Amino acid sequence: MLKFLMNSFPGKPSESNYENWEIFNHKNYTEANEIRQKEIRRLTSLARYEIEKSSKHSWLKKYFFPYIKPEEFENKVVLDLGCFTAGRVISWAEEFRFGKCYGIDINPIFKIAGEEFAKEKNIDAEFFTSQNEDLPFENNSIDILISTDTFEHVNDLNKSMQECYRVLKPGGKLLALFPQYLQPFESHLNFVTKLPFLHWFFSSKKLTEVYFQILEDRGKDAYWYKSKKNYLEKWERLPTINGTSIRMFESILNNEPWKVQWIKRPIFYDGRKADLLIFKLLKTLIYPLVFIKYLDEFFMGRICVICKK
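If you're wondering where the values come from, they're calculated on a predicted model, not measured in any experiment.

### Focus on the pairing of strand S7 (residues 303-308)
- Of all the six residues making up S7, five are buried; the element is thus mostly covered by neighbouring parts of the structure.
- Note that strand S5 (residues 168-178) and S7 share six bridges and pair antiparallel. Across the sheet, the residue bridging to Leu177 is Cys304, located in S7.
- For strand S6 (residues 259-262) and S7, the ladder comprises four bridges, and the chain directions are antiparallel. Bridging from a neighbouring strand, Trp262 pairs with Val305 of S7.

The following block contains the structure:
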């Protein structure tokens, strides 16, 4: 039944969607010459850069302003944790005049793309690659640390938060934004199905089993976005995500003396669906529920916090 449901609402990534990192596995990139590869890297940076240039769709402005003022970024040392190919952080650095811009992510290609895009935009930036939670920065060296849609993917979120606390200067701020596990549209199964809510009703074991079965059924067509494994790592709740809930994150925050400000927004707050009238109405109706403990796990759009050291 689960396989039937997932196949009834099929999903798959587009080879022309440059916001997905899997684009670097596609033959359009792997078999391209150096000039074309560089252009594809630029397109991935440009995709998120242009979103952040829009006041309407900018993640930083939409979620964190006016709780943090634009002038707070000026001449500051800023790190983007989970920067992908740096489109967002380069946009922020350009607009808010960072003193120094850093980015870190897991893939060496992201580092190359970030460096190329920073050079194009004449931004003083440096990028790093890391496969674990350790941050290659000195204690008390970062003024502002920003992380968008990354913390749900880390192996050990508690370790990541410890590292964020360590590298921030006293009075420094962490701006963290990521979906909690029970957010209905963020199960990260979209490469197989567009059907939401499945992880409310089916076990992670069964969802994962069927997810990999469908990818296997697709054969060679899925070569560029199919996982190299067909099982969950110990830290995974579903493929690529750690299953962090709001309550779990609250517990992690208590491990360090953060001063925490929660910013609560309902589902349907961002993305293309947010502009449709029906979703605007639903967002208004759901909004009171994000302030009710336990219901917030289902109806809050994302965990969104400003944590001050």
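The structure having been displayed, the exposition proceeds.
### A look at the packing of helix H7 (residues 157-167) against helix H10 (residues 246-253)
- Following both chains from N to C, one finds H7 and H10 inclined at 40°, their axes separated by 10 Å at the closest point. Classified by the angle between their axes, H7 and H10 sit oblique to one another. You can see that H7 and H10 cross each other, and the crossing is right-handed. The residues of H10 that touch H7, namely those facing Leu157, Asn158 and Met161, are Phe249, Ile252 and Leu253.

### Some words on empty space enclosed by the protein
- Counting across every chain of the model gives two cavities of 30 Å³ or more.
- The computed volume of the largest cavity comes to approximately 60 Å³.
- Around the largest cavity sit Tyr63, Gln183, Phe185, Glu186, Pro266, Ile267, Phe268, Tyr269, Asp270, Lys273, Gly301 and Arg302, which together line it.
- For the lining of the largest cavity, a count of residues per class yields six nonpolar, two polar and four charged.
- Its boundaries defined by the atoms lining it, the second largest cavity holds a volume of some 50 Å³.
- Lining the second largest cavity are Glu152, Pro179, Gln180, Tyr181, Glu186, His188, Ile241, Asn242, Gly243 and Thr244.
- Classifying every residue of the lining of the second largest cavity gives three nonpolar, five polar and two charged.

### Some details on the pairing of strand S1 (residues 77-81)
- By the criterion of burial, S1 is predominantly enclosed, with five of the five residues buried.
- Because side chains alternate across S1, one face comprises the buried residues Val77, Leu79 and Leu81, and the other comprises Val78 and Asp80, equally buried.
- Alignment of S1 against strand S2 (residues 100-105), held across five bridges, turns out to be parallel. Residue pairing across strands places Val77 opposite Lys100, the latter belonging to S2.
- After leaving S1, the chain enters helix H5 (residues 87-96) and then returns to the sheet as S2, a path that is right-handed.
- The sheet contact formed by S1 and strand S4 (residues 142-148) spans three bridges and is parallel. Each residue of the ladder has a partner; that of Asp80, found in S4, is Ile146.

### A word on the sheet that holds S4
- Here we have seven strands laid out as an open sheet, ordered S3-S2-S1-S4-S5-S7-S6, and mixed in their pairing. Each end of this open sheet is capped by a strand with a single partner; those strands are strand S3 (125-129) and S6. On average, adjacent strands in this sheet sit at an angle of 15° to one another, irrespective of strand direction.

### Brief notes about helix H6 (residues 108-121)
- A rise of 1.5 Å per residue sets the reference length of H6, with its 14 residues, at 20 Å; its end C-alpha atoms lie 20 Å apart and thus fit the reference within 8%.
- Within the sequence span of H6, burial applies to Phe110, Ala113, Gly114, Phe117 and Ala118. Angular distribution of buried residues about the axis of H6 spans 130°; they occupy a single face of the element.
- Those residues of H6 that are buried lie in contact with helix H3 (34-53), H5, S2 and S3.

### Things to note about the packing of H5 against H6
- Direction vectors running N to C along H5 and H6 enclose 25°, while the axes themselves pass 10 Å from each other. Classified by the interaxial angle, the pair formed by H5 and H6 is roughly parallel. Here H5 runs over H6; the crossing is right-handed. Every residue of H6 that contacts H5 at Gly87, Ile90 and Glu94 is listed here: Phe117, Ala118 and Lys121.

### Quick look at a nonpolar patch on the surface
- Together, Phe185, Phe197 and Phe201 make up an exposed nonpolar region whose accessible area comes to about 300 Å².
- Tracing the chain through its elements places Phe197 in the loop between S5 and helix H8 (198-201).

### As for the side chain of Lys100
- By secondary structure assignment, the location of Lys100 is in strand S2.
- For Lys100, the side chain forms a polar contact with the side chain of Asp124, separated by 2.9 Å.
- In contact with Lys100, other than residues within four places in its own chain, are Lys76, Val77, Val78, Asp124, Ala125 and Glu126.

Conventions and cut-offs
- Residue numbering note: each chain is counted from 1, following its sequence as written.
- Selection of residues for local features in this predicted model requires a pLDDT of at least 70, selection of side-chain atom pairs for listing and counting requires 80 or more, and totals for whole chains, interfaces and linings are taken over all residues.
- Here the side-chain values reflect all heavy atoms present in the structure, with hydrogen atoms and water set aside.
- Think of it in three bands: residues with accessible area under 20% of the maximum for their type are buried, residues over 50% are exposed, and the middle band is partly exposed, with areas taken using a 1.4 Å probe on protein chains only.
- Going along the chain from the N terminus, every DSSP run of H or I of four or more residues is numbered as a helix, and every run of E of two or more is numbered as a strand.
- Strands were regarded as paired on the criterion that DSSP finds at least two bridges between them.
- Where helices are involved, their axes are fitted lines through C-alpha atoms of the stretch in contact, as for all axes, and angles between N-to-C directions lie from 0 to 180°.
- Any angle from 65 to 115 degrees is called roughly perpendicular, while one under 35 is roughly parallel, one over 145 is roughly antiparallel, and all others are oblique.
- It is the rotation of the near helix from the far one that decides the hand of a crossing: anticlockwise by less than a right angle makes it left-handed, clockwise makes it right-handed.
- In this analysis, two residues are considered to be in contact whenever any of their non-hydrogen atoms come within 4.5 Å of each other.
- Definitions used for this entry: grid spacing 1 Å over protein atoms alone; cavity, a set of points where a 1.4 Å probe fits but cannot get out; pocket, an open set with protein on both sides within 12 Å along at least 5 of 7 lines; lining residue, one with an atom within 4 Å of a point.
- Grid points are joined across faces, edges and corners, and a volume is the space filled by probe spheres set on the points.
- Note that Gly is not counted as nonpolar here; it falls among the polar residues with everything else outside the nonpolar set of Ala, Val, Leu, Ile, Met, Phe, Trp, Tyr, Cys and Pro and the charged set of Asp, Glu, Lys and Arg.
- Think of it like this: strands point away, you trace from the first strand over the helix to the second, and a clockwise trace means the crossover is right-handed.
- Every helix has an expected span of 1.5 Å times one less than the residues it contains.
- Relevant arc is that of directions from the helix axis to the C-beta atoms, nothing else.
- Here the term patch refers to residues with relative accessible area over 30% and no salt bridge, with like charges joined within 9 Å and nonpolar side chains (Val, Leu, Ile, Met, Phe, Trp, Tyr) within 5 Å.
- We get accessible surface area from the Shrake-Rupley algorithm with a probe of 1.4 Å; when it comes to residues, only the shown protein chains can shield them.
- Only one rule defines a salt bridge in this text: a Lys or Arg side-chain nitrogen within 4 Å of an Asp or Glu carboxyl oxygen.
- Pairs of N or O atoms within 3.5 Å make up the polar contacts considered here, provided that, within protein, one atom can donate a hydrogen while the other can accept it, and that residues adjacent in sequence are counted only when both atoms are side-chain atoms.

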